[in-house]
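# Per-entry structural report
Spelled out, the chains give:
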Amino acid sequence: MNRKEEIIREILGWKKHTKNSWYNVEKDEFIHDSYFMPEKYLEHALVIVEKLKMFGVNYQTNGTSEVKFDDVTGRGETLPEAIINAAYYLILKFYSQFENTNYNQI
């Protein structure tokens, strides 16, 4: 699974429908991969930003190539790339918190 797919699943909560399409449960709509390219288009990347803001995540940017979601920083040649990178690192950070959990004590 690539970064875009991880972000779509984990942050946006969309479900895989077919090899090249997703189902947005909240809006009851199907989205083809070719119609959602957050790594290229700022409008698409801002969908991710808005969803994270709904979760209470703070968003900061230097305007061109660096994005911060809380204490996670992502960089890219463009702002959409920086958003994708920061969102992916946020997912990695979230799951790394559970790697050393001893489930026998829960």
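Our structure is the block above this text.
Residues numbered from 1 in each chain as written. Predicted model: local features only at pLDDT ≥ 70, side-chain atom pairs only at ≥ 80, totals over all residues. Heavy atoms only, no water.

### Here we look at unusual backbone geometry
Leave glycine aside and you will find that most residues have negative phi; peptide bonds, for their part, are mostly trans. Of note, Asp 28 is a non-glycine position whose phi angle comes to about 50°, a positive value. Look at Asp 70: it is not a glycine, yet its phi comes out positive at around 55°. Examined against the element boundaries, Asp 70 turns out to sit in the loop between strand 5 (66–69) and strand 6 (72–75). (Helix = DSSP H or I, 4+ residues; strand = E, 2+ residues; numbered from the N terminus.)

### Brief notes about helix 3 (residues 79–96)
Helix length check: helix 3 (18 residues) gives 25 Å between terminal C-alpha atoms against 26 Å at 1.5 Å per residue, within 8%. In the core, the buried residues of helix 3 are packed alongside helix 1 (3–12), helix 2 (42–54), strand 4 (59–61), strand 5 and strand 6. (Expected span 1.5 Å × (residues − 1). Contact = heavy atoms within 4.5 Å.)

### A word on the pairing of strand 2 (residues 21–24)
Pairing between strand 1 (residues 15–18) and strand 2: 3 bridges, direction antiparallel. Across the sheet, the residue bridging to Lys 16 is Trp 22, located in strand 2. Hairpin geometry of strand 1 and strand 2 is characterised by an intervening segment of 2 residues between the two adjacent antiparallel strands. As consecutive antiparallel partners, strand 2 and strand 3 (residues 29–32) are separated by 4 residues, and within that stretch Asp 28 has a phi angle of approximately 50°, a positive value. (Pairing = 2+ DSSP bridges.)

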